[in-house]
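Okay, here's what each chain looks like letter by letter:
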Amino acid sequence: MSSPSNASPSAFGPIRSICCIGAGYVGGPTMAVIADRCPGIKVTVVDLNASRIAAWNDPDLSRLPVYEPGLDAVVARCRGRNLSFSTEVSAAIAAADMVFLSVNTPTKLKGVGAGQASDLRWIEASAREVAACAQGHTIVVEKSTLPVRTAETVQAILAAAQRNPSDQSAAAPCTFSVLSNPEFLAEGTAVADLEHPDRVLIGGDDPAAIEALASVYGHWVPAERILRTNLWSSELSKLTANAFLAQRISSINAIGALCEATGADVHEVAHAIGTDSRIGPKFLKAGPGFGGSCFQKDILNLVYLCGHYGLQEVAAYWQAVVELNGWQQHRLARLVVQRLFGTVTGKRIAVFGFAFKADTNDTREAPAIRICQDLLEEGAQLAIYDPKVSSAQMTDDLGQPPQAQGEGVWRAAETPEEAVRQADAVVILTEWASFASLDWSMLVPQMRHPAWLFDTRSVADLAAARAAGLQVWRVGMG
Ligand code: UDX
Ligand code: ADP
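So, here's what we can say about the structure. (Residues numbered from 1 in each chain as written. Chains lettered and ligands numbered in written order. Predicted model: local features only at pLDDT ≥ 70, side-chain atom pairs only at ≥ 80, totals over all residues. Heavy atoms only, no water.)

**So, the sheet that holds strand β9 (residues 348–352)**
Strand-to-strand pairing in sheets goes through backbone hydrogen bonds, with the strands running parallel or antiparallel.
Next, step 1: The strand order across the open sheet formed by six strands is β11-β10-β9-β12-β13-β14, and the pairing between neighbours is parallel. Lying at the two open borders of the sheet, with one neighbouring strand each, are β11 (409–412) and β14 (471–474). The average angle at which neighbouring strand axes cross in this sheet is 20°, direction not considered.
Next, step 2: Bridge analysis of β9 against strand β10 (residues 381–385) gives five bridges, and the strand direction is parallel. Considered in β10, the bridge of A350 is made with A383.
Next, step 3: Seen against the sheet, helix α14 (residues 391–398) touches β10 and β11 and runs at an angle of roughly 155° to β11. (Pairing = 2+ DSSP bridges. Helix = DSSP H or I, 4+ residues; strand = E, 2+ residues; numbered from the N terminus. Axes fitted to C-alpha atoms, helices over the stretch in contact; angles between N-to-C directions. Contact = heavy atoms within 4.5 Å.)

**Here we look at the site of ligand 2**
Next, step 1: Surveying the vicinity of ligand 2 reveals 16 residues, the closest of which are Y25, V26, D47, R52 and R364.
Next, step 2: At a separation of 2.9 Å, an oxygen atom of ligand 2 approaches a polar backbone atom of V26.
Next, step 3: Within the contact set of ligand 2, an oxygen atom lies 2.6 Å away from a side-chain nitrogen or oxygen of R52.
Next, step 4: Within the complex, 89% of the 580 Å² of free accessible area of ligand 2 lies under protein. (Near = heavy atom within 4 Å. Polar contact = N/O pair within 3.5 Å; in protein donor to acceptor, adjacent residues only side chain to side chain. Areas by Shrake-Rupley, 256 points an atom, 1.4 Å probe, with all protein chains shown as cover.)

**Remarks on the pattern of salt bridges**
Next, step 1: On inspection of all chains with the given rule, the structure shows 17 salt bridges.
Next, step 2: Here D119 makes a salt bridge to R121, at a shortest N to O gap of 2.7 Å.
Next, step 3: On the accessibility criterion, R121 (51% relative accessible area) is exposed.
Next, step 4: In this structure, R331 and E260 form a salt bridge, with 2.7 Å as the shortest nitrogen-oxygen distance. Taken together, the residues R331 in helix α12 (residues 312–339) and E260 in helix α9 (residues 231–262) connect sequence positions 71 residues apart. Take R331 and E260: they sit in the same class, and that class is buried.
Next, step 5: Salt bridges linked by common partners bring D58, D60 and R63 together as one network. (Salt bridge = Lys/Arg side-chain N within 4 Å of Asp/Glu carboxyl O. Buried < 20%, exposed > 50% of the residue type's maximum accessible area, 1.4 Å probe, protein only.)

**Quick word on the pairing of strand β7 (residues 200–203)**
Next, step 1: Taking every second residue as pointing to the same face, both faces of β7 are buried, with V200 and I202 on one and L201 and G203 on the other.
Next, step 2: Relative to strand β8 (residues 226–229), β7 runs parallel, the two being bridged by four bridges. Pairing of L201 across the sheet is with L227, part of β8.
Next, step 3: At this point the chain moves from β7, through helix α8 (residues 207–217), to the parallel β8, and the crossover so formed is right-handed. (Right-handed = clockwise from strand over helix to strand, strands pointing away.)

**Focus on the state of the cysteines**
Next, step 1: All chains considered together, the criterion is met by zero disulfides.
Next, step 2: Summary of cysteine pairing: C174 is not part of a disulfide, and the nearest cysteine sulfur, belonging to C133, is at 9.9 Å. (Disulfide = S-S within 2.5 Å.)

**Focus on the side chain of E187**
Next, step 1: Counting through the fold element by element, E187 comes out in the loop between β6 (174–180) and α7 (190–195).
Next, step 2: What makes E187 buried here is its relative accessible area of 9%.
Next, step 3: Of the polar contacts made by the side chain of E187, one reaches the side chain of T360; its length is 3.3 Å.
Next, step 4: With sequence-adjacent residues up to four places away left out, E187 is seen in contact with Y25, E68, S293, F356, K357, T360, D362 and R364.

**Let's talk about the packing of aromatic side chains**
Next, step 1: Under the definition given, this model contains 11 aromatic pairs.
Next, step 2: Both rings, one in Y317 and one in W318, keep their centres 5.0 Å apart while their planes meet at 80°; by these two values the pair is edge-to-face.
Next, step 3: Relative accessible area serves as the criterion here: at 10%, W318 is assigned to the buried category.
Next, step 4: When the ring of F352 is compared with that of F435, the centres are 5.4 Å apart and the planes differ by 35°; the resulting orientation is tilted. Of this pair, F352 sits in strand β9 while F435 sits in the loop between β12 (425–428) and α16 (440–443); the two residues are 83 residues apart in sequence, bridging distant segments of the chain.
Next, step 5: Linked through ring pairs, F244, Y317 and W318 together constitute an aromatic cluster.
Next, step 6: Sitting over the face of the ring of F184, R199 holds its NZ or CZ atom 3.6 Å from the ring centroid. (Phe/Tyr/Trp six-rings, centres within 6.5 Å; stacked < 30°, edge-to-face > 60°. Lys NZ or Arg CZ within 6 Å of the ring centre and 35° of its normal.)

Here it is in structure tokens:
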């Protein structure tokens with residue numbers, strides 16, 4: 001297929017106007033930081049979801065739809081200056097020199113590739129909107145995590161709408177260049193990751209478009225950290241980075257289970273291996289398994305891709321990383337039941353943390369969902385406390401509304417104190433910093449005894465919990 005970029009102008013002026021389609025966890029923070037660092041560029045973030053846009057425009061910055069440390073300050077600096085949030089998708093595309101596609105790409109639930117491939121309907125719809133509304137030359141940047149060769153789809157849609165300057169038709173020229181610019185920000189540290197990235201990756205085959213995007217990042221990212229590759233390498237690098245990170249987590253969780261069985265301590269093992277400079281210390285924290293919108297989806301994408309190219313052994317290798325993650329979550333739920341004398345029916349259990357990691361209100365693929373569902377299936381009464389996750393979100397995730405009494409029911413607690421009342425156990429599922437300084441001497445007397453602490457994140461002060469009368473279990477500790 002000939003790339004639309006072949007027909008595009010080889011050079012164009014500096015980028016003055018950016019539109020981002022999708023005001024989610026990626027689009028919102030990324031555009032806020034671009035606007036902050038590039039005051040000369042007008043940045044408009046658009047979304048079909050009017051309530052999400054209204055939340056981004058809320059004068060009360062504590063009500064932004066995405067919670068990220070430091071994001072409120074960045075938005076406060078730029079909103080109304082060169083950053084705006086709008087539902088006027090067509091107008092923003094028409095005015096833009098560069099359009100970022102930052103829409104959701106969840107795993108397909110049905111049809112070909114169900115359970116593995118990404119559902120690209122939102123990418124296709126947004127590419128069609130760009131094709132219909134863009135004017136002049138527009139650089140289209142894939143920001144969402146996508147299967148390899150998605151750029152081909154985007155290019156094909158845009159190519160059909162392209163009107164070259166040499167066309168005899170009356171309509172104004174309209175040309176496109178497609179780039180891949182995957183996001184490597186991690187939730188909870190999004191602003192810091194965007195402000196000081198390890199690298200920015202730009203994939204494409206139009207050198208002028210690549211340089212135009214590089215010059216946007218060049219406002220604050222050192223030149224040697226801006227990497228240029230072909231389109232497919234860029235798309236595959238994103239999947240590979242996430243697959244490698246997730247694989248480290250499944251590896252340490254596998255070793256953690258062995259530590260529990262043998263009397264070793266996974267934290268000591270992680271420290272010992274992490275001091276080997278070839279291995280390094282990061283992403284070796286045993287826990288309840290990885291969550292978040294990216295890891296599982298990206299690995300499943302990789303698995304699907306390998307299957308498509310007949311690489312069954314490679315597919316099975318990566319599939320095992322996801323399977324071990326699910327196993328870890330079910331294992332922890334089973335372990336809680338076993339320690340509570342083999343039954344949790346009608347027993348109160350306080351769950352501390354529901355977000356997939358600390359410092360975010362995001363619960364997508366959170367280990368808490370599967371672990372709570374298993375405990376509910378066993379008949380437990382859960383009181384869930386999370387400083388940032390709403391009860392409405394928990395209802396969505398658990399598939400049932402809160403209920404105060406009965407078996408297999410849950411309710412949200414406003415405070416840890418409220419959650420532990422008459423509980424037989426506390427299960428820590430997210431590593432919120434506040435859980436490190438819980439006052440166990442005040443909490444434990446409220447519980448029913450014998451009472452347990454299950455710390456799947458290794459954050460609690462175990463000595464204090466023991467001193468207050470709890471029996472304690474910590475992940476990966478024999
Ligand atoms: C990830 C990638 O890190 C980021 O580069 C990519 O752009 C998006 O996906 P994110 O999912 O936001 O970011 O968070 P991350 O910090 O990677 O954590 C993912 C999950 O792994 C969380 O559930 C976290 O608790 C878990 N984790 C992480 C561990 O269990 N142990 C670790 O050592 C590290
Ligand atoms: P991510 O974590 O990748 O940012 P989110 O689901 O948080 O994903 O955000 C994606 C956003 O994209 C959603 O708010 C959704 O409403 C928006 N979106 C999806 N398709 C379109 C579209 N065609 N036009 C505008 N916005 C869209």
